Structures are given as structure tokens and as C-alpha cells.
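Results of the structural survey
Residues per chain, in single letters:
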Amino acid sequence: MNSINHKSNSDWQKKELELLKAKALEKVATKSKFRWTYVAAAAIVLMVGGWFFLTKLSLDEVQPINEHIASQPITPGGFNGVLSTEGEEDISLSNLKIDSLYVFEDIQVERIDSGLIRIIPLPSSKTCWQEIKAPKGANLAVILEDGSKITLNANSKISFPSRFDPQGRMVVMEGEAYFEVQKERIRRPFEVRAGKNLIKVLGTKFNVNAKSATEMQASLYEGKIQVTNGHFKVVLNPGREILIAKNGTYQVQIFDKNKSTAWKAGIFDLEGKNIKQIMAEVSDWYNVEVDDGNADTNIKYMGELSKFSDIETLLETLSLVKGNQFEIKGRRIIVK
């Protein structure tokens, strides 16, 4: 902090420095709570215009957030999901025992481990569409009939046939998901429908984020994908991603492979994001309501935070940056 050459109208008080240092060391030492890219990274902000500088915090601003005990504690998300089949009752996947196989009408469901299930069509069953949803506060991974694996982020869902057509494999998604598509000798195309956008692959790994109402993002890790829309057709190579706006315009750019799927690794990636973008992820993962009407979106954050921190620790760390403070009221978080 002292090594950065910046101008300030006032000096840091000794007590303030001691308190900030103690808090930073506490976060670094708690190995099970945090995974940092930068030490005390959340205390460094990138402001509009591209200038780095530090803002002075008062002692009051680094005190613990105003906390109200909720009747239902706010906890990080975990494995959960709901399987919906045409004409059948919904099935809560968290109730299935690990290393067990269940039969439901036209399919079998195997819970392989704590976060993974497999869908197996019965030999004599008819083809029917299934839907698996990871609600807020949950995520899960599912292996489909062809061996392809899809990992769902919180507040996301996929629809797919219990048995794929001999001519092709089609899934429909909402939210965010990471796809590991199984290659086949018969080379049936694998297609993902996300809103008005269609992604076609033969065998590859890619991430699709269609949570935003204004754009879709597809990031390619291996293989090739073809993205089509009523306005364009684009082929992506590994290391490239496409951002598609609601009006059909798009741009292709290079992306950081480690950052794009931080959510899958249990991390909130803060890099370059404002508080509204961060709190949208927090809302989905902790299943809370967020009131960010008074948030300061000019502040850009840096670094990473564990998705398995308790909510108070996470918000207290974010509040080290001057400009946004937090208050918990029941299952509602107010940004002020």
C-alpha cells in the first residue's frame, strides 16, 4: 500500500493501518475460507478512466457489517436439483442416495457422487423430454444418454430428450452451463439452443452464459463450435468467445480460460466487475434477494473470493472497498 505513488489529501492513521493489516492477514491465513489471486485484492479498485488509486477508509467503514439474524441462515449453495418429466411428478435430486440407481417411468437416474447424476433411458421406453433445474443456491452436473456431461450453475436449467434422435442430439438451456460433449463414431451433431441462438458441435468443451436478458456469451475450450443466429453464422476456435447482444450484434474476443469457469471451481471471479454484477452471482448462489438500487457501479473490483465463505465474511471483505457497504435483513441484502 505504501509503495504505490498516489496523491492523498490526508494520511492514514496508525490505528487504521494496524486494523487493515490485521484484517488482511486474517483473510490470508484462513486457508479454508479464501483463495486469493492478490493479497487483499478486494481493497484495490480500478475506477472509471483507468487510474489506480487508494481511498482512505475510516475506522467505522471497516467495522463488521450491520447483521440481522435470519430465521433461516444464509448459507452457500450445494448440490441440489429438480428433475421434471412429461406427465410425472417432479423429483428432488438431493434426496437420491449416492451410488444408487432409481427407476422413474421411462428413465433411470443414477447418483454417482455428491454432485453428479447420470440419466439412462430404459430399453423399452418411449422418447420423452426431461428438464433438470439447478435452483438458486445450488448446482449440479448431469451425464446424458450419449455420455456428454453438463454442469449447471445456480439458477439454470436444461431440457433434453431421454433418448437422442439418430440424426442429432439437441438440448435447450437457460442460465449458465459448462458442456463436455462426447465424440461419437456416427458423428451426430450436438446442438444447444439458448434463446434465439444455436450452437452446433461434434465434440468439444465450452461454457455458455445466457443468464443476462441482454446478451449471451459462449466461450470455447476445446474443439470447434458454430454459433448461428438470425443475423449471422460464426465458427469459433479454442481460446475465443462470442458475445451476442439482444439486437443480434456480436463480437468475438480472446478470453482467460481460468476466469470463464471460475464458478465451476467454486470461486467468485471479481476481475473488472462492478458490485451489481458481483451481487447477481451472490444472489443466485446464496439464494437471497439483493437491493442494489443505491450501489456505486463505478467501482471495479479485483481478485477472487471463495463461493463457500459464509455470507458475512464475503460481504465484509467486499466492504473493505470504499463506496459500497452492506446490510443484511433476513434473506435480503441491501447495498448502500
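It should be emphasised that the depicted structure is a prediction, and the values quoted were computed from it without experimental measurement. Each chain carries its own residue numbering, running from 1 in the written order of its sequence. In keeping with the predicted nature of the model, local features appear solely for residues at pLDDT of at least 70, side-chain atom pairs appear and are counted solely at 80 or more, and the whole-chain, interface and lining totals rest on all residues. As a convention, hydrogens and water are excluded, and side-chain values are obtained from all of the structure's heavy atoms.

**A short note on the packing of aromatic side chains**
- By convention, a stacked pair of Phe, Tyr or Trp rings (six-membered ring in the case of Trp) has centres within 6.5 Å and planes under 30 degrees apart, an edge-to-face pair has planes over 60 apart, and any other such pair is tilted. Under the defined criterion, the tally for this structure stands at nine aromatic pairs.
- Note on tyrosine 102 and phenylalanine 104: the rings are 6.3 Å apart at their centroids and 10° apart in plane angle, and the pair reads as stacked.
- Buried means the residue's accessible area, taken with a 1.4 Å probe over protein chains only, is under 20% of the maximum for its type, while exposed means over 50%, and partly exposed covers the values in between. Of the residues examined, phenylalanine 104 reaches a relative accessible area of 22% and is grouped as partly exposed.
- A ring pair is formed by phenylalanine 232 and tyrosine 250, whose centres lie 4.4 Å apart and whose planes are at 40°; its orientation type is tilted. Of this pair, phenylalanine 232 sits in strand S19 (residues 232-236) while tyrosine 250 sits in strand S21 (residues 250-254), and the two are 18 residues apart along the sequence.
- Using a relative accessible area of 9% as the deciding quantity, one classes phenylalanine 232 as buried.
- You can call tyrosine 250 partly exposed: its relative accessible area is 40%.
- An aromatic cluster of at least three residues, connected via ring pairs, comprises Phe164, Phe179, Phe190 and Phe206.
- Positioned above the aromatic ring of phenylalanine 268 is the side chain of lysine 307, whose terminal nitrogen or guanidinium carbon lies 5.8 Å from the ring centre.
- A ring has a charge above it when a Lys NZ or an Arg CZ is no more than 6 Å from the ring centre and no more than 35 degrees off the ring normal. The ring of tryptophan 285 carries lysine 307 above its face, with NZ or CZ at 4.1 Å from the centroid. The secondary structure listing takes helices from DSSP runs of H or I that are at least 4 residues long and strands from runs of E that are at least 2 residues long, numbered from the N terminus.

**Thoughts on unusual backbone geometry**
- Positive phi is not limited to glycine here, since aspartate 99 has a value of about 60°.
- Inspection of the secondary structure puts aspartate 99 in the loop between strand S5 (91-92) and strand S6 (100-104).
- Phi is positive for asparagine 287, close to 55°, though the residue is something other than glycine.
- Relative to the elements of secondary structure, asparagine 287 occurs in the loop between helix H3 (275-286) and strand S23 (289-291).

**Considering helix H4 (residues 311-318)**
- With seven of eight residues buried, H4 is to be regarded as a mostly interior element.
- Where H4 is concerned, the buried positions are Ile311, Thr313, Leu314, Leu315, Glu316, Thr317 and Leu318.

**Considering the environment of arginine 163**
- If you trace the backbone, arginine 163 turns up in the loop between strand S12 (156-161) and strand S13 (169-180).
- Taking C-alpha positions, arginine 163 is 9.9 Å from glutamine 130, a pair spaced 33 residues apart along the chain.
- Note on contacts: a residue pair is in contact if any heavy atoms of the two residues lie within 4.5 Å. Those residues in contact with arginine 163 that sit more than four places away from it in its chain are Pro121, Leu122, Pro123, Ser125, Thr127 and Glu145.
- Definition of a polar contact: a pair of N or O atoms within 3.5 Å, with one able to donate and the other able to accept a hydrogen when the atoms are protein atoms, and with sequence-neighbouring residues admitted only if both atoms are side-chain atoms. A distance of 2.6 Å separates the side chain of arginine 163 from the backbone oxygen of leucine 122, its partner in a polar contact.

**Considering the pairing of S6**
- When DSSP locates at least two bridges between a pair of strands, those strands are taken to pair. As paired elements, S6 and strand S7 (residues 107-113) share five bridges and run antiparallel to each other. Residue pairing across strands places serine 100 opposite arginine 111, the latter belonging to S7.
- What sits between the antiparallel neighbours S6 and S7 is a turn of two residues, in which glutamate 105 has the positive phi angle 50°.

**Section: H3**
- Helix span, as expected, comes to 1.5 Å for every residue beyond the first. Taking 1.5 Å per residue, twelve residues should reach 16 Å; H3 reaches 16 Å between its end C-alpha atoms and fits that length.
- Considered for burial, the residues of H3 that qualify are Ile275, Ile278, Met279, Val282, Ser283, Asp284, Trp285 and Tyr286.
- Looking at where H3 begins, the residue whose side-chain oxygen comes 3.0 Å from the main-chain nitrogen of lysine 276 is asparagine 274.
- Asparagine 287 sits one or two residues past H3 and shows a positive phi near 55°.

**What about the confidence of the model for the chain?**
- For every residue, the predictor states its confidence as a pLDDT score lying anywhere from 0 to 100. When the pLDDT values of the chain are averaged, the result is 82; 81% of them are 70 or greater.
- Scored below 50 in pLDDT, residues 3-10 makes three contacts in the model with residues more than four places away or belonging to other chains.
- For residues 30-70, every residue scores under 50 in pLDDT, and the model assigns this stretch 97 contacts once sequence neighbours within four places are set aside.

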